[in-house]
Amino acid sequence: MSQFMKGIITGTFTTLAAIGSYRILFENDNQESLSSKTRASETILKYGIPDRGPDIRVYDNHILSYDQAKKTPVWVAEYITKRNIDGPADRRKIKFKSDPNVQTEFSAENSDYLGSGWSRGHMAPAGDNKHSQEAMKQSFYLSNILPQNLENNGGFWNRLEMYCRDLTKKYKGVRIISGPLVLPTTDEDGLHYVKYPVIGKNEVSVPTHLYKVIIIENEKSEPLGLGAFIVPNQPIGFEHSLKDFQVDLKKLERSSGITFTPKLDTVKIPDLCQIDSCNLMKKDKFELYMIGRKLQGARSLKYLEKIWSEIETKNLTPDSYLINLYNSRKLELTYEEKVVRNKG
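Procedures and definitions
- Residues numbered from 1 in each chain as written.
- Predicted model: local features only at pLDDT ≥ 70, side-chain atom pairs only at ≥ 80, totals over all residues.
- Heavy atoms only, no water.
- Helix = DSSP H or I, 4+ residues; strand = E, 2+ residues; numbered from the N terminus.
- Buried < 20%, exposed > 50% of the residue type's maximum accessible area, 1.4 Å probe, protein only.
- Contact = heavy atoms within 4.5 Å.
- Disulfide = S-S within 2.5 Å.
- Expected span 1.5 Å × (residues − 1).
- Polar contact = N/O pair within 3.5 Å; in protein donor to acceptor, adjacent residues only side chain to side chain.
- Pairing = 2+ DSSP bridges.
- Axes fitted to C-alpha atoms, helices over the stretch in contact; angles between N-to-C directions.
- Parallel < 35°, antiparallel > 145°, perpendicular 65-115°, else oblique.
- Nonpolar A, V, L, I, M, F, W, Y, C, P; charged D, E, K, R; others polar.
- pLDDT = per-residue confidence, 0-100.

Before going further, it helps to examine the overall build of the protein chain. What the protein chain contains, in helices and strands, is ten helices and 13 strands. Per-residue burial for the protein chain yields a buried fraction of 40% across its 344 residues. Residue pairs in contact within the protein chain that sit at least 24 positions apart in sequence constitute 70% of those at least 6 positions apart.

This is the structure we're talking about:
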């Protein structure tokens, strides 16, 4: 055997031996490091790891992360399609209630909201769950609720939720993440402060803003567009468009401390408002829609007529659907009140 081949063989064995020794030393060091960390954990956390509750809570049609200190969600995620927004589920049969999955000492109660001046605002709205009475019922758990300005809840934010549902008529699916924010303001002394009220005996935190991330998908469940929005928790008039509150996703992530789509590279996803209009329902159409909602929920002829009179007061023009709804509800309530009188 030549000296050259002997050198190669000797070098190879030497290298393999060195690698083997290194692996043994590395594995030993690694095991010692893990063992050291385990001992430290057992020593420092002798009585267990401090627990802020489950990272996520899963329901029939939404998933959320819950803040046990603020008694509000951190974020609430949904995936809605045309199937979700149509069905027999009836919100009139449901009441707000504390989430049975949240420990009592970390839960909000209805009494916290009573007389507070703040409404109970859904993050996963009831209207996204018309396909299932149980899913809609779960959306009324207070873990999905936060203190929201009443006009905002019934107005601008409601129109934003309706816009999300309308997107399901154009695209295969819509992914939505919603939640609260507490953003700083500049005080008279020039310093920045984060200030927010709390309500009720459970001190439920009132956010300064709400956010919503919307992703639309095509037939292959691929993302077509993405929009992120930060909305003040205060009355917002019809003169404002949704685009007024659009922000870069990274800005929202910095403000919230949340990476919303860790498995999705959002850099190349087009702007939702470029793909779609981002136009919310106009004032007259929205007011007619709300009158229709009230007609459906009317419990007496007197209240029905009061609601119908709003059309003339607001100088609105009802369409055939609203006229037919009014007439059918009038017949139903006339019959119901007649039955009650006969029993009396």
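Next comes the rest of the account.
So, about the state of the cysteines. Scanning the model with the defined rule gives one disulfide in all. Each disulfide pairs two cysteine sulfurs, and for Cys-273 the partner residue is Cys-278, the sulfurs being separated by 2.1 Å. Between Cys-273 and Cys-278 the sulfur-sulfur dihedral comes to about -85°; the bridge is accordingly left-handed. For Cys-164, which is in no disulfide, the shortest distance to another cysteine sulfur is to Cys-278 and amounts to 9.4 Å.

A separate point is helix 8 (residues 283–297). In a regular helix each residue adds 1.5 Å, so 15 residues correspond to 21 Å; helix 8 covers 21 Å between its end C-alpha atoms and thus fits that length. All of the buried residues along helix 8 are Phe-286, Glu-287, Leu-288, Ile-291, Gly-292 and Leu-295. In this structure, the buried side of helix 8 is in contact with helix 4 (150–154), helix 5 (156–167), helix 9 (301–313) and helix 10 (320–343).

Further remarks concern the environment of Glu-105. Its location among the elements puts Glu-105 in the loop between strand 3 (72–80) and helix 2 (110–113). Classification of Glu-105 by relative accessible area gives partly exposed; the value is 49%. C-alpha of Glu-105 to C-alpha of Lys-71: the two residues are 34 residues apart in sequence and 9.7 Å apart in space. A distance of 3.1 Å separates the side chain of Glu-105 from the side chain of Gln-103, its partner in a polar contact.

What follows is about the pairing of strand 12 (residues 223–232). Along strand 12, eight of the ten residues are buried, which leaves the element largely enclosed by surrounding structure. Connecting strand 11 (residues 209–217) to the next strand, strand 12, in antiparallel fashion are five residues, including Ser-221 with a positive phi near 60°. Sheet topology places strand 12 next to strand 13 (residues 246–247); two bridges connect them, and they run antiparallel. Pairing of Ala-228 across the sheet is with Val-247, part of strand 13.

What follows is about the packing of helix 8 against helix 9. Relative orientation of the contacting elements helix 8 and helix 9 amounts to 170°, with a least axis distance of 9 Å. When the interaxial angle is binned, helix 8 and helix 9 end up roughly antiparallel. Contacts between helix 8 and helix 9 involve Ile-291, Lys-294 and Leu-295 from the former and Tyr-303, Leu-304, Ile-307, Trp-308, Glu-310 and Ile-311 from the latter. Residue composition of the contact of helix 8 with helix 9, by class: seven nonpolar, no polar and two charged.

On to the confidence of the model for the protein chain, then. Low-pLDDT portions of the prediction should not be read for the details of their coordinates. Per-chain confidence: the protein chain averages 91 in pLDDT, with 90% of residues scoring 70 or above. Confidence over residues 2–19 falls short of pLDDT 50; this stretch has two contacts with residues more than four positions distant or in other chains.

Hydrogen bonds between backbone atoms are what pair the strands of a sheet, whose relative direction is either parallel or antiparallel. Strand order in the open sheet formed by seven strands is 1-2-3-6-11-12-13, with antiparallel pairing between adjacent strands. Where the open sheet ends on each side, the last strands, each with one partner, are strand 1 (57–58) and strand 13. One ladder, built from two bridges, connects strand 1 with strand 2 (residues 63–67); its direction is antiparallel. Within the sheet, the bridge partner assigned to Val-58 lies in strand 2 and is Ile-63. Here helix 5 sits on the sheet and contacts strand 3, strand 6 (173–181), strand 11 and strand 12; the angle it forms with strand 11, its principal contact strand, is near 10°. Packing against the sheet, helix 6 (residues 249–256) makes contact with strand 6, strand 11, strand 12 and strand 13, and its axis sits at approximately 50° to strand 12.

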